[in-house]
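# Understanding the architecture of this molecule
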Amino acid sequence: MPEYEFVDVYVPRGVSRKETTRLLTDHAEYGHWELYRLSVLRDGSRRVRLRRRIIRQVRATW
């Protein structure tokens, strides 16, 4: 079963959809994050949860 780490990003109401897309694209390209959940709140702000897989190194035994 893969393990993930999560980060929550809050995008205020005044930020355009295009700027939000650019922000999330930067997180995906440079931080290797993927979109897990996006919620649009009543006031128009967005709450985004991103995740990325944790890769564990297995020790080699000699």
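Up top is the structure these notes are about.
A brief report on the enclosed structure follows. In this text, all values refer to a predicted model and were calculated from it rather than measured experimentally. (Residues numbered from 1 in each chain as written. Predicted model: local features only at pLDDT ≥ 70, side-chain atom pairs only at ≥ 80, totals over all residues. Heavy atoms only, no water.)

Check the secondary structure of the protein chain and you find one helix and three strands. In sequence order, the secondary structure elements of the protein chain are arranged as β-α-β-β. Its C-alpha atoms give the protein chain principal-axis dimensions of about 60 × 20 × 10 Å. A total of 62 residues make up the protein chain; the buried ones form 18% of that total. Across the protein chain, the fraction of contacts at a sequence separation of at least 24, relative to all contacts at a separation of at least 6, is 60%. When the accessible surface of the protein chain is split by element, carbon and sulfur atoms take 49% of a total near 5700 Å². Side-chain charges in the protein chain split into 14 positive and 8 negative, and the spacing between the mean points of these groups amounts to 4 Å. (Helix = DSSP H or I, 4+ residues; strand = E, 2+ residues; numbered from the N terminus. Buried < 20%, exposed > 50% of the residue type's maximum accessible area, 1.4 Å probe, protein only. Contact = heavy atoms within 4.5 Å. Areas by Shrake-Rupley, 256 points an atom, 1.4 Å probe, with all protein chains shown as cover. Lys, Arg positive; Asp, Glu negative; His and termini not counted. Charge placed at Lys NZ, Arg CZ, Asp CG, Glu CD.)

A few words now on unusual backbone geometry. Positive phi is not limited to glycine here, since His32 has a value of about 60°. With respect to the element layout, His32 can be found in the loop between helix 1 (17-31) and strand 2 (34-40). In this structure His32 comes out as exposed when scored by relative accessible area, which is 63%.

Attention now goes to the packing of aromatic side chains. Think of a pair of aromatic rings as described by two things: how far the centres are apart, and how the planes are tilted against each other in angle. Under the counting rule described, the total for this entry stands at one aromatic pair. Ring centres of Phe6 and Tyr36 lie 5.2 Å apart, and the angle between their planes is 65°; on these two criteria the pair is classed as edge-to-face. One end of the pair, Phe6, is in strand 1 (residues 3-11); the other, Tyr36, is in strand 2, and 30 residues separate them in sequence. Using a relative accessible area of 39% as the deciding quantity, one classes Phe6 as partly exposed. Looking at Arg51, its charged tip hangs above the ring of Tyr4, at a distance of 4.1 Å from the centre. (Phe/Tyr/Trp six-rings, centres within 6.5 Å; stacked < 30°, edge-to-face > 60°. Lys NZ or Arg CZ within 6 Å of the ring centre and 35° of its normal.)

Before going further, it helps to spend a moment on the sheet that holds strand 2. One open sheet holds the three strands; their spatial order is 1-3-2, and the pairing between them is antiparallel. Of all the strands in the sheet, just strand 1 and strand 2 have a single pairing partner and so form its edges. Sheet twist, expressed as the average angle between the axes of neighbouring strands with direction ignored, equals 20°. Of the strand pairs in this sheet, strand 2 and strand 3 (residues 46-54) are connected by six bridges, and their pairing is antiparallel. Counterpart to Leu38 in the pairing with strand 3 is Val48. Sheet strands touched by helix 1: strand 1 and strand 3. Its angle to strand 3, the strand with the most contacts, is close to 15°. (Pairing = 2+ DSSP bridges. Axes fitted to C-alpha atoms, helices over the stretch in contact; angles between N-to-C directions.)

Everything listed is a geometric property; what it means functionally is a separate question.
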